[in-house]
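Tertiary structure, described
Here is how the chains run, residue by residue.
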Amino acid sequence: MEKIAAAVRERAKRALATGEVDRVFAWKRGEFWYDVTPAVFETADETDELLWDSFCVANLSKYLTGAVRQGFKVGVFVKGCDALAFNQLLQDNRISRENVRLFGLPCPGMVDPEKLKKAKRYRGVRAVARAGDVLALQGKHGEQQVEAPAYLYDKCLVCRHPNPVVYDELLAEPQPVRTPDSDRFALVNELEAMSAEEKFLFWQEQFDKCIRCNACRNICPACSCEKCIFDNGESGVAAKANADSCEEQFFHLIRAYHVAGRCVDCGECSRVCPAGIPLHLLNRKIIKDIQAIYGDYEAGLDPNVPAPLATYRLDDADPFDGHQKGGKK
Amino acid sequence: MLLEEKTSQEQAFEPLIVAFCCNWCSYAGADLAGTSRLQYPANVKIIKVPCSCRVNPNFVLRAFQKGADGVVIAGCHPGDCHYSTGNYFTRRRFTLLMNMLDFIGIEKERFTVDWISAAEGSKFAAVMNGVLEKVHKLGPNRKMRDKRWKR
Ligand code: SF4
Ligand code: SF4
Ligand code: FES
(Lines give C-alpha, C1' and ligand atoms only; values in the text may rest on other atoms or scores of the structure.)
(Ligands and ions follow the chains in the order given, each with its own letter.)
Protein backbone atom coordinates (compact mmCIF):
# COMPACT_ATOMS: atom_id res chain seq x y z
CA MET A 1 0.00 0.00 0.00
CA GLU A 2 2.93 2.33 0.69
CA LYS A 3 4.09 1.96 -2.89
CA ILE A 4 0.68 2.95 -4.17
CA ALA A 5 0.66 5.87 -1.73
CA ALA A 6 3.82 7.21 -3.31
CA ALA A 7 2.29 6.95 -6.77
CA VAL A 8 -0.85 8.69 -5.51
CA ARG A 9 1.19 11.57 -4.11
CA GLU A 10 3.21 11.81 -7.28
CA ARG A 11 0.11 11.90 -9.43
CA ALA A 12 -1.49 14.66 -7.35
CA LYS A 13 1.73 16.66 -7.47
CA ARG A 14 1.93 16.39 -11.24
CA ALA A 15 -1.72 17.32 -11.71
CA LEU A 16 -1.27 20.51 -9.72
CA ALA A 17 2.16 21.39 -11.09
CA THR A 18 1.05 21.15 -14.71
CA GLY A 19 -2.17 23.03 -14.10
CA GLU A 20 -4.18 20.02 -15.17
CA VAL A 21 -6.47 20.77 -12.20
CA ASP A 22 -6.88 23.72 -9.81
CA ARG A 23 -7.55 21.63 -6.72
CA VAL A 24 -6.94 18.10 -5.57
CA PHE A 25 -9.23 16.48 -3.04
CA ALA A 26 -7.52 13.77 -1.04
CA TRP A 27 -6.61 12.83 2.51
CA LYS A 28 -4.01 13.87 5.04
CA ARG A 29 -2.99 12.94 8.56
CA GLY A 30 -5.17 14.28 11.35
CA GLU A 31 -4.16 14.38 14.99
CA PHE A 32 -3.60 10.69 15.52
CA TRP A 33 -2.22 7.75 13.59
CA TYR A 34 -5.71 6.43 12.97
CA ASP A 35 -7.15 9.81 12.21
CA VAL A 36 -7.11 10.67 8.53
CA THR A 37 -9.04 13.66 7.35
CA PRO A 38 -10.19 14.86 3.96
CA ALA A 39 -8.03 17.66 2.63
CA VAL A 40 -7.93 20.11 -0.24
CA PHE A 41 -4.58 20.66 -1.95
CA GLU A 42 -4.05 23.80 -3.98
CA THR A 43 -0.35 23.73 -4.80
CA ALA A 44 2.08 21.00 -5.76
CA ASP A 45 4.22 21.64 -2.67
CA GLU A 46 1.40 20.90 -0.30
CA THR A 47 0.99 17.39 -1.66
CA ASP A 48 3.87 16.07 0.47
CA GLU A 49 1.24 15.76 3.16
CA LEU A 50 -1.12 13.76 1.01
CA LEU A 51 -1.59 10.17 2.01
CA TRP A 52 -3.24 6.92 1.10
CA ASP A 53 -3.42 4.33 3.85
CA SER A 54 -5.80 2.00 5.65
CA PHE A 55 -7.71 4.86 7.24
CA CYS A 56 -8.70 6.81 4.12
CA VAL A 57 -12.31 5.86 4.59
CA ALA A 58 -13.86 9.31 4.13
CA ASN A 59 -15.82 9.68 0.92
CA LEU A 60 -14.56 12.76 -0.93
CA SER A 61 -17.17 12.99 -3.65
CA LYS A 62 -19.61 15.13 -1.71
CA TYR A 63 -16.99 17.86 -1.36
CA LEU A 64 -16.99 18.29 -5.12
CA THR A 65 -20.33 20.04 -5.24
CA GLY A 66 -19.02 23.31 -3.83
CA ALA A 67 -15.77 23.43 -5.79
CA VAL A 68 -17.35 22.50 -9.09
CA ARG A 69 -20.04 25.12 -8.60
CA GLN A 70 -17.32 27.72 -8.15
CA GLY A 71 -15.93 26.71 -11.51
CA PHE A 72 -12.76 24.97 -10.37
CA LYS A 73 -11.34 22.03 -12.20
CA VAL A 74 -10.86 19.40 -9.54
CA GLY A 75 -8.88 16.21 -9.30
CA VAL A 76 -10.25 13.71 -6.82
CA PHE A 77 -9.31 10.26 -5.59
CA VAL A 78 -12.15 7.78 -5.55
CA LYS A 79 -12.44 4.34 -3.99
CA GLY A 80 -15.22 1.99 -5.05
CA CYS A 81 -17.93 3.49 -2.86
CA ASP A 82 -16.77 7.03 -3.60
CA ALA A 83 -17.15 6.36 -7.31
CA LEU A 84 -20.74 5.23 -6.80
CA ALA A 85 -21.34 8.43 -4.87
CA PHE A 86 -19.77 10.41 -7.71
CA ASN A 87 -22.12 8.84 -10.22
CA GLN A 88 -25.09 9.59 -8.00
CA LEU A 89 -24.12 13.26 -7.73
CA LEU A 90 -23.74 13.30 -11.48
CA GLN A 91 -27.18 11.80 -11.94
CA ASP A 92 -28.64 14.40 -9.57
CA ASN A 93 -26.99 17.17 -11.60
CA ARG A 94 -24.90 18.36 -8.69
CA ILE A 95 -21.56 18.28 -10.49
CA SER A 96 -20.39 18.27 -14.05
CA ARG A 97 -18.23 15.50 -15.37
CA GLU A 98 -15.96 17.78 -17.46
CA ASN A 99 -14.72 19.67 -14.43
CA VAL A 100 -13.54 16.61 -12.59
CA ARG A 101 -10.54 14.40 -13.11
CA LEU A 102 -11.13 11.07 -11.39
CA PHE A 103 -8.19 9.11 -10.04
CA GLY A 104 -9.46 5.63 -9.28
CA LEU A 105 -8.13 3.72 -6.29
CA PRO A 106 -9.10 0.05 -5.96
CA CYS A 107 -9.73 -0.34 -2.24
CA PRO A 108 -8.54 -3.22 -0.05
CA GLY A 109 -11.06 -2.26 2.66
CA MET A 110 -10.53 0.34 5.34
CA VAL A 111 -9.56 -0.29 8.95
CA ASP A 112 -12.00 0.63 11.70
CA PRO A 113 -10.06 2.17 14.61
CA GLU A 114 -12.89 1.20 16.95
CA LYS A 115 -12.32 -2.47 16.16
CA LEU A 116 -8.60 -2.14 16.88
CA LYS A 117 -9.47 -0.44 20.13
CA LYS A 118 -11.91 -3.13 21.16
CA ALA A 119 -9.32 -5.81 20.45
CA LYS A 120 -6.87 -3.90 22.64
CA ARG A 121 -4.47 -3.36 19.77
CA TYR A 122 -4.51 0.35 20.27
CA ARG A 123 -1.87 1.07 22.87
CA GLY A 124 1.48 2.45 21.88
CA VAL A 125 0.84 2.21 18.17
CA ARG A 126 2.51 4.98 16.18
CA ALA A 127 1.78 3.94 12.63
CA VAL A 128 0.17 1.18 10.61
CA ALA A 129 1.67 -0.27 7.46
CA ARG A 130 -0.12 -2.66 5.20
CA ALA A 131 0.72 -5.32 2.68
CA GLY A 132 -2.35 -6.97 1.20
CA ASP A 133 -4.37 -8.30 4.09
CA VAL A 134 -1.62 -8.06 6.67
CA LEU A 135 -1.47 -5.05 8.93
CA ALA A 136 1.75 -4.14 10.65
CA LEU A 137 1.09 -2.17 13.81
CA GLN A 138 4.27 -0.30 14.53
CA GLY A 139 4.82 0.88 18.07
CA LYS A 140 7.53 1.93 20.44
CA HIS A 141 8.44 -1.65 21.14
CA GLY A 142 8.55 -2.98 17.65
CA GLU A 143 6.04 -4.34 15.22
CA GLN A 144 3.01 -6.56 15.54
CA GLN A 145 1.36 -8.23 12.57
CA VAL A 146 -2.39 -8.84 12.42
CA GLU A 147 -4.86 -10.02 9.80
CA ALA A 148 -6.64 -7.04 8.29
CA PRO A 149 -10.12 -8.52 7.70
CA ALA A 150 -10.82 -8.78 11.43
CA TYR A 151 -10.43 -5.02 11.73
CA LEU A 152 -12.11 -3.72 8.61
CA TYR A 153 -15.28 -1.65 8.76
CA ASP A 154 -18.38 -3.81 8.56
CA LYS A 155 -19.38 -1.95 5.44
CA CYS A 156 -16.06 -2.84 3.80
CA LEU A 157 -16.50 -6.50 4.60
CA VAL A 158 -19.69 -6.57 2.52
CA CYS A 159 -18.48 -4.15 -0.14
CA ARG A 160 -19.73 -4.95 -3.65
CA HIS A 161 -17.53 -2.52 -5.53
CA PRO A 162 -14.02 -2.25 -4.15
CA ASN A 163 -13.00 -1.06 -7.60
CA PRO A 164 -14.25 2.29 -8.85
CA VAL A 165 -17.09 1.97 -11.36
CA VAL A 166 -16.03 5.23 -12.99
CA TYR A 167 -12.59 6.81 -13.33
CA ASP A 168 -10.25 8.56 -15.73
CA GLU A 169 -7.25 6.59 -14.67
CA LEU A 170 -6.70 3.73 -12.27
CA LEU A 171 -3.71 3.99 -9.93
CA ALA A 172 -3.52 0.41 -8.69
CA GLU A 173 -4.41 -3.19 -9.48
CA PRO A 174 -8.10 -4.15 -9.04
CA GLN A 175 -9.13 -5.76 -5.76
CA PRO A 176 -11.29 -8.87 -5.34
CA VAL A 177 -14.82 -8.70 -3.89
CA ARG A 178 -14.95 -10.32 -0.45
CA THR A 179 -18.52 -11.55 -0.08
CA PRO A 180 -21.67 -12.26 -2.09
CA ASP A 181 -24.10 -9.36 -2.23
CA SER A 182 -26.74 -11.14 -0.17
CA ASP A 183 -24.59 -10.83 2.97
CA ARG A 184 -25.44 -7.16 3.08
CA PHE A 185 -29.00 -7.87 4.09
CA ALA A 186 -28.41 -10.28 6.95
CA LEU A 187 -29.29 -7.76 9.66
CA VAL A 188 -32.22 -6.39 7.70
CA ASN A 189 -33.63 -9.90 7.48
CA GLU A 190 -33.18 -10.39 11.20
CA LEU A 191 -35.06 -7.21 11.97
CA GLU A 192 -37.83 -8.03 9.53
CA ALA A 193 -38.47 -11.26 11.37
CA MET A 194 -39.16 -9.47 14.66
CA SER A 195 -42.63 -8.56 15.90
CA ALA A 196 -43.97 -5.04 15.42
CA GLU A 197 -43.42 -4.31 19.09
CA GLU A 198 -39.82 -5.52 19.03
CA LYS A 199 -39.04 -3.60 15.90
CA PHE A 200 -40.50 -0.46 17.32
CA LEU A 201 -38.54 -0.76 20.55
CA PHE A 202 -35.33 -1.48 18.67
CA TRP A 203 -35.66 1.61 16.52
CA GLN A 204 -36.98 3.79 19.30
CA GLU A 205 -33.90 3.00 21.33
CA GLN A 206 -31.70 3.83 18.36
CA PHE A 207 -33.50 7.02 17.38
CA ASP A 208 -33.53 8.26 20.97
CA LYS A 209 -29.75 8.47 20.84
CA CYS A 210 -29.77 10.91 17.95
CA ILE A 211 -28.50 14.35 18.87
CA ARG A 212 -29.50 15.88 15.55
CA CYS A 213 -26.03 16.98 14.62
CA ASN A 214 -27.00 16.39 10.97
CA ALA A 215 -23.66 14.75 10.26
CA CYS A 216 -25.38 11.86 8.52
CA ARG A 217 -27.12 14.26 6.21
CA ASN A 218 -24.06 16.34 5.53
CA ILE A 219 -21.83 13.44 4.57
CA CYS A 220 -24.43 11.72 2.40
CA PRO A 221 -23.81 11.95 -1.35
CA ALA A 222 -27.51 11.46 -2.00
CA CYS A 223 -28.48 14.26 0.41
CA SER A 224 -27.33 17.05 -1.85
CA CYS A 225 -30.29 19.46 -1.83
CA GLU A 226 -29.29 23.08 -1.42
CA LYS A 227 -32.33 23.71 0.71
CA CYS A 228 -33.14 20.95 3.13
CA ILE A 229 -36.46 20.47 4.87
CA PHE A 230 -34.52 19.91 8.09
CA ASP A 231 -33.08 23.42 7.90
CA ASN A 232 -36.53 24.91 7.86
CA GLY A 233 -37.26 26.16 11.36
CA GLU A 234 -40.96 26.08 10.61
CA SER A 235 -40.98 22.38 9.85
CA GLY A 236 -41.07 21.36 13.49
CA VAL A 237 -38.33 18.81 12.87
CA ALA A 238 -35.38 21.12 12.38
CA ALA A 239 -33.67 20.28 15.65
CA LYS A 240 -33.77 17.90 18.56
CA ALA A 241 -37.16 18.35 20.14
CA ASN A 242 -37.24 19.27 23.80
CA ALA A 243 -40.46 17.38 24.27
CA ASP A 244 -41.31 13.90 23.11
CA SER A 245 -42.78 14.81 19.77
CA CYS A 246 -41.41 11.92 17.72
CA GLU A 247 -39.28 14.40 15.84
CA GLU A 248 -36.49 11.83 15.64
CA GLN A 249 -38.67 9.22 13.98
CA PHE A 250 -39.80 11.85 11.57
CA PHE A 251 -36.25 12.90 10.81
CA HIS A 252 -34.93 9.42 10.24
CA LEU A 253 -37.81 8.09 8.22
CA ILE A 254 -37.92 11.12 6.00
CA ARG A 255 -34.19 11.21 5.52
CA ALA A 256 -34.11 7.54 4.62
CA TYR A 257 -37.04 8.10 2.33
CA HIS A 258 -35.54 11.13 0.62
CA VAL A 259 -32.57 9.06 -0.45
CA ALA A 260 -34.70 6.05 -1.41
CA GLY A 261 -33.52 4.74 -4.75
CA ARG A 262 -30.53 7.08 -4.66
CA CYS A 263 -28.65 5.77 -1.65
CA VAL A 264 -25.50 4.10 -2.94
CA ASP A 265 -25.02 2.21 0.31
CA CYS A 266 -21.65 3.77 0.97
CA GLY A 267 -22.29 3.40 4.69
CA GLU A 268 -20.94 6.84 5.48
CA CYS A 269 -24.04 7.89 7.43
CA SER A 270 -23.56 5.16 10.01
CA ARG A 271 -19.84 5.71 10.14
CA VAL A 272 -20.02 9.41 10.97
CA CYS A 273 -22.87 9.14 13.45
CA PRO A 274 -21.47 10.08 16.86
CA ALA A 275 -24.32 8.20 18.51
CA GLY A 276 -23.63 4.96 16.68
CA ILE A 277 -27.06 4.58 15.12
CA PRO A 278 -27.11 1.88 12.40
CA LEU A 279 -28.69 4.23 9.89
CA HIS A 280 -27.63 2.16 6.91
CA LEU A 281 -30.11 -0.52 7.93
CA LEU A 282 -33.01 1.75 7.03
CA ASN A 283 -31.52 2.40 3.63
CA ARG A 284 -30.67 -1.23 3.07
CA LYS A 285 -34.25 -2.17 3.81
CA ILE A 286 -35.33 0.17 1.03
CA ILE A 287 -32.64 -1.16 -1.31
CA LYS A 288 -33.72 -4.69 -0.59
CA ASP A 289 -37.37 -3.85 -1.30
CA ILE A 290 -36.53 -2.04 -4.50
CA GLN A 291 -34.55 -5.01 -5.76
CA ALA A 292 -37.29 -7.43 -4.77
CA ILE A 293 -40.20 -5.44 -6.19
CA TYR A 294 -38.83 -3.40 -9.07
CA GLY A 295 -35.93 -5.52 -10.18
CA ASP A 296 -32.20 -5.10 -10.05
CA TYR A 297 -31.18 -1.53 -9.65
CA GLU A 298 -28.05 -0.22 -8.09
CA ALA A 299 -27.77 3.47 -7.41
CA GLY A 300 -24.54 4.98 -8.69
CA LEU A 301 -23.76 2.25 -11.16
CA ASP A 302 -24.95 4.05 -14.27
CA PRO A 303 -26.18 7.64 -14.08
CA ASN A 304 -28.23 7.16 -17.24
CA VAL A 305 -30.60 4.56 -15.84
CA PRO A 306 -33.60 6.33 -14.25
CA ALA A 307 -33.94 5.94 -10.48
CA PRO A 308 -36.70 3.55 -9.41
CA LEU A 309 -38.82 6.23 -7.76
CA ALA A 310 -38.51 8.54 -10.75
CA THR A 311 -40.11 6.07 -13.08
CA TYR A 312 -42.83 3.39 -13.15
CA ARG A 313 -44.14 0.48 -15.10
CA LEU A 314 -47.76 -0.12 -15.96
CA ASP A 315 -47.59 -3.59 -14.49
CA ASP A 316 -45.87 -2.68 -11.23
CA ALA A 317 -46.79 -4.79 -8.25
CA ASP A 318 -49.86 -3.46 -6.49
CA PRO A 319 -49.89 -4.42 -2.82
CA PHE A 320 -52.98 -2.32 -2.22
CA ASP A 321 -55.56 -4.41 -4.03
CA GLY A 322 -57.37 -5.71 -0.96
CA HIS A 323 -60.67 -4.20 -2.02
CA GLN A 324 -60.70 -4.95 -5.71
CA LYS A 325 -64.21 -4.05 -6.78
CA GLY A 326 -64.82 -2.61 -10.19
CA GLY A 327 -62.42 -0.25 -11.89
CA LYS A 328 -59.88 -1.25 -14.46
CA LYS A 329 -57.91 -4.35 -13.76
CA MET B 1 -61.58 -1.09 39.16
CA LEU B 2 -58.61 -0.34 37.01
CA LEU B 3 -59.58 -3.11 34.67
CA GLU B 4 -63.08 -1.74 34.36
CA GLU B 5 -61.74 1.63 33.53
CA LYS B 6 -59.57 0.14 30.85
CA THR B 7 -62.39 -1.77 29.21
CA SER B 8 -64.65 1.21 29.20
CA GLN B 9 -61.84 3.18 27.68
CA GLU B 10 -61.34 0.57 25.04
CA GLN B 11 -65.02 0.51 24.28
CA ALA B 12 -64.93 4.23 23.88
CA PHE B 13 -62.07 3.97 21.40
CA GLU B 14 -63.14 5.78 18.26
CA PRO B 15 -60.32 5.47 15.76
CA LEU B 16 -59.37 8.57 13.89
CA ILE B 17 -58.71 7.94 10.22
CA VAL B 18 -57.14 10.51 7.94
CA ALA B 19 -57.93 9.98 4.28
CA PHE B 20 -56.08 11.84 1.56
CA CYS B 21 -58.44 11.81 -1.40
CA CYS B 22 -57.57 12.92 -4.88
CA ASN B 23 -59.82 15.63 -6.18
CA TRP B 24 -60.79 13.95 -9.43
CA CYS B 25 -61.88 10.49 -8.38
CA SER B 26 -61.80 9.55 -4.75
CA TYR B 27 -63.08 12.83 -3.39
CA ALA B 28 -65.99 12.58 -5.78
CA GLY B 29 -66.37 8.97 -4.66
CA ALA B 30 -66.61 10.17 -1.07
CA ASP B 31 -69.20 12.69 -2.17
CA LEU B 32 -71.20 9.97 -3.85
CA ALA B 33 -71.00 7.82 -0.74
CA GLY B 34 -72.44 10.77 1.13
CA THR B 35 -75.24 11.58 -1.29
CA SER B 36 -76.16 7.90 -1.57
CA ARG B 37 -76.43 7.87 2.23
CA LEU B 38 -74.00 5.00 2.58
CA GLN B 39 -72.79 4.23 6.07
CA TYR B 40 -69.18 5.05 6.68
CA PRO B 41 -67.53 6.11 9.90
CA ALA B 42 -67.90 9.71 10.89
CA ASN B 43 -64.37 9.97 12.20
CA VAL B 44 -62.76 9.75 8.81
CA LYS B 45 -61.15 13.11 8.18
CA ILE B 46 -60.89 13.72 4.47
CA ILE B 47 -58.14 15.90 3.10
CA LYS B 48 -58.54 16.79 -0.53
CA VAL B 49 -55.41 16.67 -2.67
CA PRO B 50 -55.14 17.50 -6.38
CA CYS B 51 -53.77 14.06 -7.17
CA SER B 52 -52.80 11.06 -5.08
CA CYS B 53 -49.19 11.68 -5.96
CA ARG B 54 -49.40 15.09 -4.30
CA VAL B 55 -49.19 13.19 -1.03
CA ASN B 56 -45.73 13.40 0.39
CA PRO B 57 -44.60 10.74 2.89
CA ASN B 58 -44.26 13.62 5.35
CA PHE B 59 -48.03 14.01 5.30
CA VAL B 60 -48.54 10.43 6.33
CA LEU B 61 -46.04 10.59 9.17
CA ARG B 62 -47.44 13.92 10.27
CA ALA B 63 -50.94 12.47 10.41
CA PHE B 64 -49.74 9.68 12.69
CA GLN B 65 -47.77 12.15 14.75
CA LYS B 66 -50.77 14.40 15.27
CA GLY B 67 -53.26 11.80 16.28
CA ALA B 68 -54.35 9.54 13.41
CA ASP B 69 -54.82 5.85 14.16
CA GLY B 70 -54.94 4.98 10.51
CA VAL B 71 -54.09 6.74 7.25
CA VAL B 72 -55.59 6.13 3.82
CA ILE B 73 -54.51 7.51 0.49
CA ALA B 74 -57.12 7.22 -2.22
CA GLY B 75 -56.56 8.00 -5.87
CA CYS B 76 -57.93 7.24 -9.30
CA HIS B 77 -57.51 3.71 -10.62
CA PRO B 78 -54.13 3.13 -12.26
CA GLY B 79 -54.56 4.31 -15.82
CA ASP B 80 -57.26 6.83 -14.90
CA CYS B 81 -55.21 9.53 -13.18
CA HIS B 82 -56.34 13.00 -14.25
CA TYR B 83 -52.69 13.81 -14.82
CA SER B 84 -52.13 10.52 -16.65
CA THR B 85 -49.35 9.01 -14.61
CA GLY B 86 -49.50 10.46 -11.09
CA ASN B 87 -50.86 7.41 -9.40
CA TYR B 88 -48.23 5.13 -10.89
CA PHE B 89 -45.72 7.11 -8.88
CA THR B 90 -48.03 7.00 -5.87
CA ARG B 91 -48.04 3.25 -6.13
CA ARG B 92 -44.26 2.90 -6.06
CA ARG B 93 -43.74 5.53 -3.41
CA PHE B 94 -46.17 4.18 -0.91
CA THR B 95 -45.39 0.55 -1.49
CA LEU B 96 -41.94 1.41 -0.18
CA LEU B 97 -43.25 3.62 2.60
CA MET B 98 -45.63 0.95 3.81
CA ASN B 99 -42.78 -1.55 4.02
CA MET B 100 -40.66 0.96 5.83
CA LEU B 101 -43.36 1.72 8.40
CA ASP B 102 -43.62 -1.99 8.94
CA PHE B 103 -39.84 -2.18 9.31
CA ILE B 104 -39.78 0.28 12.18
CA GLY B 105 -42.69 -1.40 13.89
CA ILE B 106 -45.81 0.46 12.81
CA GLU B 107 -48.44 -2.09 11.86
CA LYS B 108 -49.00 -2.35 8.12
CA GLU B 109 -52.75 -2.40 8.66
CA ARG B 110 -52.75 1.21 9.79
CA PHE B 111 -51.81 2.46 6.39
CA THR B 112 -53.27 1.74 3.02
CA VAL B 113 -53.60 3.08 -0.46
CA ASP B 114 -56.59 2.35 -2.61
CA TRP B 115 -58.02 3.26 -5.96
CA ILE B 116 -61.54 4.65 -5.83
CA SER B 117 -63.27 6.14 -8.85
CA ALA B 118 -65.91 8.87 -8.79
CA ALA B 119 -68.57 6.23 -9.42
CA GLU B 120 -67.50 4.00 -6.54
CA GLY B 121 -69.30 5.49 -3.58
CA SER B 122 -69.83 2.03 -2.18
CA LYS B 123 -66.17 1.16 -2.56
CA PHE B 124 -65.27 4.31 -0.68
CA ALA B 125 -67.48 3.26 2.20
CA ALA B 126 -66.12 -0.29 2.08
CA VAL B 127 -62.49 0.84 2.15
CA MET B 128 -63.09 3.19 5.06
CA ASN B 129 -65.03 0.59 7.01
CA GLY B 130 -62.32 -1.96 6.29
CA VAL B 131 -59.54 0.25 7.63
CA LEU B 132 -61.64 1.23 10.60
CA GLU B 133 -62.26 -2.37 11.49
CA LYS B 134 -58.56 -3.26 11.31
CA VAL B 135 -57.53 -0.24 13.32
CA HIS B 136 -60.20 -1.03 15.88
CA LYS B 137 -58.64 -4.42 16.39
CA LEU B 138 -55.17 -2.94 16.76
CA GLY B 139 -56.29 -0.30 19.21
CA PRO B 140 -55.15 3.30 19.44
CA ASN B 141 -51.86 4.13 17.80
CA ARG B 142 -49.30 5.17 20.36
CA LYS B 143 -46.27 4.96 18.16
CA MET B 144 -45.01 7.97 16.28
CA ARG B 145 -47.27 10.09 18.43
CA ASP B 146 -46.44 13.59 19.56
CA LYS B 147 -46.93 13.09 23.28
CA ARG B 148 -48.21 16.62 23.66
CA TRP B 149 -51.08 15.79 21.41
CA LYS B 150 -54.37 15.30 23.18
CA ARG B 151 -57.40 13.81 21.67
S1 SF4 C 1 -27.83 7.28 3.03
FE2 SF4 C 1 -25.88 6.67 4.01
S3 SF4 C 1 -25.23 4.85 2.82
FE4 SF4 C 1 -26.79 5.89 1.59
S5 SF4 C 1 -25.65 7.24 0.20
FE6 SF4 C 1 -26.19 8.47 2.04
S7 SF4 C 1 -24.41 8.28 3.41
FE8 SF4 C 1 -24.22 6.64 1.86
S1 SF4 D 1 -25.26 11.59 12.52
FE2 SF4 D 1 -26.31 10.38 14.10
S3 SF4 D 1 -26.67 11.81 15.82
FE4 SF4 D 1 -26.15 13.06 14.00
S5 SF4 D 1 -28.19 13.57 13.11
FE6 SF4 D 1 -27.45 11.71 12.07
S7 SF4 D 1 -28.33 10.03 13.26
FE8 SF4 D 1 -28.49 11.87 14.54
S1 FES E 1 -55.74 12.70 -10.31
FE2 FES E 1 -56.52 11.05 -9.12
S3 FES E 1 -54.70 9.94 -8.78
FE4 FES E 1 -53.93 11.50 -10.05
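About the thresholds
Residues numbered from 1 in each chain as written. Chains lettered and ligands numbered in written order. Predicted model: local features only at pLDDT ≥ 70, side-chain atom pairs only at ≥ 80, totals over all residues. Heavy atoms only, no water. Helix = DSSP H or I, 4+ residues; strand = E, 2+ residues; numbered from the N terminus. Rg over C-alpha atoms; globule rule 2.2 N^0.38 Å. Buried < 20%, exposed > 50% of the residue type's maximum accessible area, 1.4 Å probe, protein only. Contact = heavy atoms within 4.5 Å. Areas by Shrake-Rupley, 256 points an atom, 1.4 Å probe, with all protein chains shown as cover. Lys, Arg positive; Asp, Glu negative; His and termini not counted. Charge placed at Lys NZ, Arg CZ, Asp CG, Glu CD. Near = heavy atom within 4 Å. Nonpolar A, V, L, I, M, F, W, Y, C, P; charged D, E, K, R; others polar. Salt bridge = Lys/Arg side-chain N within 4 Å of Asp/Glu carboxyl O. Polar contact = N/O pair within 3.5 Å; in protein donor to acceptor, adjacent residues only side chain to side chain. Core = buried A, V, L, I, M, F, W, Y, C linked by side-chain atoms within 4.5 Å. Domains from an automatic or database assignment. Pairing = 2+ DSSP bridges. Axes fitted to C-alpha atoms, helices over the stretch in contact; angles between N-to-C directions. Buried area = accessible area lost by both parts, 1.4 Å probe.

1. Things to note about the overall build of chain A
- Helix and strand counts for chain A come out as 11 helices and 8 strands.
- Here the C-alpha radius of gyration of chain A, 21 Å, is about what a compact globule of 329 residues would show, namely 20 Å.
- Overall, chain A is about 70 × 45 × 40 Å in size when its C-alpha atoms are taken along their principal axes.
- Scored against the burial criterion, the 329 residues of chain A give a buried share of 51%.
- Long-range contacts, defined as pairs at least 24 residues apart, comprise 69% of the intrachain contacts of chain A with a sequence gap of at least 6.
- A total of about 15,300 Å² of accessible surface is found on chain A, and carbon and sulfur atoms cover 50% of it.
- Each charge sign in chain A was given a centre, from 44 positive and 48 negative side chains, and these centres are 2 Å apart.

2. Section: the site of ligand 1
- Taken together, Cys220(A), Pro221(A), Arg255(A), Val259(A), Cys263(A), Val264(A), Asp265(A), Cys266(A), Gly267(A), Glu268(A), Cys269(A) and Asn283(A) make up the full set of residues near ligand 1.
- Along the lines of polarity and charge, the residues of the shell around ligand 1 split into 7 nonpolar, 2 polar and 3 charged.

3. Concerning the pattern of salt bridges
- Scanning the model with the defined rule gives 33 salt bridges over all chains in all.
- Note that Glu42(A) and Arg23(A) form a salt bridge whose closest N and O atoms lie 3.7 Å from each other. Of the two residues, Glu42(A) sits in the loop between strand S2 (36-41) and helix H2 (64-69) while Arg23(A) sits in strand S1 (residues 23-29), which places them 19 residues apart along the sequence.
- The exposure class of Glu42(A) is partly exposed, given its relative accessible area of 44%.
- Classification of Arg23(A) as buried rests on a relative accessible area of 16%.
- Between Lys143(B) and Glu197(A) there is a salt bridge, with the nearest N and O atoms lying 3.6 Å from each other.

4. Description of the interface of chain A and chain B
- The interface is formed by 49 residues belonging to chain A together with 41 residues belonging to chain B.
- At the boundary of chain A and chain B, one finds 9 residue pairs in polar contact (both at pLDDT 80 or more).
- Every element with two or more residues in the side of chain A that touches chain B is listed here: helix H6 (186-192), helix H7 (196-208), helix H9 (247-258) and helix H11 (280-294) of chain A.
- By residue class, the composition of the side of chain A that touches chain B is 28 nonpolar, 8 polar and 13 charged.

5. Details of unusual backbone geometry
- The backbone phi angle of Lys120(A) is positive, close to 60 degrees, even though this residue is not glycine.
- Within the fold, Lys120(A) resides in the loop between helix H4 (113-118) and strand S5 (125-131).
- Phi is positive for Arg37(B), which is not a glycine, with a value near 55 degrees.
- Among the secondary structure elements, Arg37(B) is positioned in the loop between helix H2 (26-35) and strand S2 (44-49).

6. Concerning the nonpolar core
- Ranked by internal contacts, the top residues of the largest apolar core, which has 58 residues, are Trp203(A), Val60(B), Val71(B), Ile73(B), Phe94(B), Leu101(B) and Phe111(B).
- Viewed by domain, this core spans two of them, domain 1 (2-109 + 157-170) and domain 2 (186-322) of chain A, each represented by three or more residues.
- Setting aside anything within four residues of it in sequence, one finds Val71(B) in contact with Val18(B), Phe20(B), Val60(B), Ala63(B), Phe64(B), Arg110(B), Phe111(B) and Thr112(B).
- In this structure, Ala44(A), Val100(A), Leu102(A) and Cys107(A) belong to the second largest nonpolar core, which totals 57 residues.

7. Observations regarding the sheet that holds S5(A)
Residues and elements named next belong to chain A.
- Sheet architecture is open: 3 strands sit in the order S5-S6-S7, paired in antiparallel fashion. The open sheet is flanked by S5 and strand S7 (142-147), the only strands paired with a single partner. The average undirected angle you get between the axes of adjacent strands in this sheet is 25 degrees.
- Note that strand S6 (residues 134-139) and S7 share 6 bridges and pair antiparallel. For Gln138, the partnering residue across the bridge sits in S7 and is Glu143.

8. Digging into the domain arrangement of chain A
Residues and elements named next belong to chain A.
- Split into domains, chain A comes out as domain 1 (2-109 + 157-170) and domain 2 (186-322).
- Summarising the inter-unit geometry, the C-alpha centres of domain 1 and domain 2 are found 26 Å apart.
- Opposite the 19 residues of domain 1 that make contact, domain 2 presents 27 residues.
- Contact with domain 2 buries area across many residues of domain 1, yet Lys62, Gln88 and Gln91 alone supply 31% of it, more than any other trio.
- For the pair domain 1 and domain 2, the interface holds 3 salt bridges.
- Among the salt bridges present, the one from Arg69 reaches Glu226, with a minimum N-O distance of 3.2 Å.
- Linking domain 1 with domain 2 are 14 residue pairs in polar contact (both at pLDDT 80 or more).

9. Looking at the environment of Leu138(B)
Residue and element names in this part refer to chain B.
- Relative to the helices and strands, Leu138 is located in helix H5 (residues 121-138).
- Distance from Leu138 to Pro15, taken between C-alpha atoms, is 9.9 Å for residues 123 residues apart in sequence.
- Excluding its chain neighbours within four sequence positions, the residues that come into contact with Leu138 are Glu107, Glu109 and Arg110.

10. Comments concerning the site of ligand 2
Residue and element names in this part refer to chain A.
- Contacts to ligand 2 come from 13 residues, most closely from Cys210, Cys213, Asn214, Cys216 and Cys273.
- Where the shell around ligand 2 is concerned, the elements lending two or more residues are helix H8 (215-219) and H9.
- Residue composition of the shell around ligand 2, grouped by class: 10 nonpolar, 2 polar and 1 charged.

11. Re the sheet that holds S2(A)
Residue and element names in this part refer to chain A.
- Sheet architecture is open: 5 strands sit in the order S2-S1-S3-S4-S8, paired in mixed fashion. Each edge of the open sheet carries a strand with a single partner, namely S2 and strand S8 (169-170).
- With 5 bridges connecting them, strand S3 (residues 74-78) and strand S4 (residues 100-104) associate as parallel partners. If you follow Val74 over to S4, its bridge partner there is Val100.
- Here helix H3 (residues 80-91) sits on the sheet in contact with S1, S3 and S4, set at roughly 130 degrees to S3.

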